[in-house]
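# Observations on the three-dimensional arrangement
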Amino acid sequence: MSMKRILIAAVALLACVGMANAGGYRGAVDLGIGAARHGESHFEVSTTHGYVVNPYLFVGGGIGLHYYWDVESLAMPIYFDVEGRYNLGVVTSFLDIRLGGSPDIDGIGGIYFSPVAGVKWKRFTAGLGYTLQKMKNPYRPADPYSLDGFTIRLGVEF
């Protein structure tokens, strides 16, 4: 991922955080755990900030840290976030889609994509989804491979 793209994503994230003074600001912090198809499990922590456009749509950006303990590597995805919601009464269902990239840290860098479906109750969220993170192939550098698999995320909104 080029430095230009990283800077653009960082500026977009700061713009989202700058919306904190607006009435529609929403922030969230979540913790997650994932299991990749090839056995590369990871722990993640992320923070997302943005604007609630209406009761059904949120748009923002965020940053995370993912530690892949099987390959002892760290990834730092910077992403744009779009979330749709539908109120079911006591709980609200959601579909959250994160799309961005990671600067190359410990050989993990490139495209990041993570759709998650779940429920929100009061300020708490729980979701199940998929995470795709590109990683350099140590045996064939010109042929990166994917760390992709299921993800479980728990979070709190503020």
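Our subject is the structure that appears above.
Presented here is an overview of the structure given in this document. (Residues numbered from 1 in each chain as written. Predicted model: local features only at pLDDT ≥ 70, side-chain atom pairs only at ≥ 80, totals over all residues. Heavy atoms only, no water.)

## Overview of the overall build of the protein
- Along the backbone of the protein there are 1 helix and 9 strands.
- Traced from its N-terminal end to its C-terminal end, the protein shows the element sequence α-β-β-β-β-β-β-β-β-β.
- Counting only residues that meet the buried cut, the protein has 42% of its 158 residues in that class.
- Residue pairs in contact within the protein that sit at least 24 positions apart in sequence constitute 50% of those at least 6 positions apart.
- When the accessible surface of the protein is totalled, it reaches about 8500 Å², and 70% of it is carbon and sulfur. (Helix = DSSP H or I, 4+ residues; strand = E, 2+ residues; numbered from the N terminus. Buried < 20%, exposed > 50% of the residue type's maximum accessible area, 1.4 Å probe, protein only. Contact = heavy atoms within 4.5 Å. Areas by Shrake-Rupley, 256 points an atom, 1.4 Å probe, with all protein chains shown as cover.)

## Thoughts on the nonpolar core
- Within the largest apolar cluster, 5 residues are counted, these being Tyr-68, Ala-75, Ile-108, Met-135 and Leu-147.
- Beyond its immediate sequence surroundings of up to four residues, Leu-147 is in contact with Ala-36, Glu-40, Tyr-68, Ile-108, Thr-131, Leu-132, Gln-133 and Met-135. (Core = buried A, V, L, I, M, F, W, Y, C linked by side-chain atoms within 4.5 Å.)

## Things to note about unusual backbone geometry
- Of note in the backbone geometry, Lys-122 takes a positive phi value of approximately 55° without being a glycine.
- With respect to the secondary-structure elements, Lys-122 resides in the loop between strand S7 (108–121) and strand S8 (124–135).

## Comments concerning the packing of aromatic side chains
- The final tally for this structure, using the stated rule, is 1 aromatic pair.
- Aromatic pair Tyr-79 and Tyr-112: ring centres 5.9 Å apart, planes at 45°, arrangement tilted. You can see Tyr-79 sitting in strand S5 (residues 78–87) and its partner Tyr-112 sitting in strand S7, a full 33 residues away along the chain.
- On the accessibility criterion, Tyr-112 (0% relative accessible area) is buried.
- Across the ring face of Phe-58, the terminal group of Arg-26 is positioned such that the distance to the ring centre comes to 3.8 Å. (Phe/Tyr/Trp six-rings, centres within 6.5 Å; stacked < 30°, edge-to-face > 60°. Lys NZ or Arg CZ within 6 Å of the ring centre and 35° of its normal.)

## Some thoughts on the pairing of strand S6 (residues 92–105)
- Pairing geometry for S5 and S6, over 10 bridges, is antiparallel. Bridge assignment links Ile-78 to a residue of S6, and that residue is Gly-101.
- Between the antiparallel neighbours S5 and S6 lie 4 residues, among them Gly-89 with a positive phi of about 105°.
- Across 12 bridges, the pairing between S6 and S7 is antiparallel. Looking at S7, one finds that Ile-97 is bridged to Pro-115. (Pairing = 2+ DSSP bridges.)

## Examining the pattern of salt bridges
- Under the definition given, this model contains 8 salt bridges.
- Across the pair Asp-30 and Arg-98 runs a salt bridge, and its minimum N-O distance is 3.2 Å. Here Asp-30 is found in strand S1 (residues 25–36), whereas its partner Arg-98 is found in strand S6, with 68 residues between them in sequence.
- Owing to a relative accessible area of 9%, Asp-30 belongs among the buried residues under this scheme.
- Lys-120 is paired through a salt bridge with Glu-157; the nearest N and O atoms lie 3.6 Å apart. Linking Lys-120 in strand S7 with Glu-157 in strand S9 (residues 145–157), this pair joins segments that are 37 residues apart in sequence. Comparing Lys-120 with Glu-157, the two get one shared label, buried. (Salt bridge = Lys/Arg side-chain N within 4 Å of Asp/Glu carboxyl O.)

## Thoughts on the side chain of His-42
- Within the fold, His-42 resides in strand S2 (residues 42–54).
- Look at His-42 and you get buried, because its relative accessible area is 4%.
- Within the local environment of His-42, its side chain forms a polar contact with the side chain of Glu-44, the two groups lying 2.8 Å apart. (Polar contact = N/O pair within 3.5 Å; in protein donor to acceptor, adjacent residues only side chain to side chain.)

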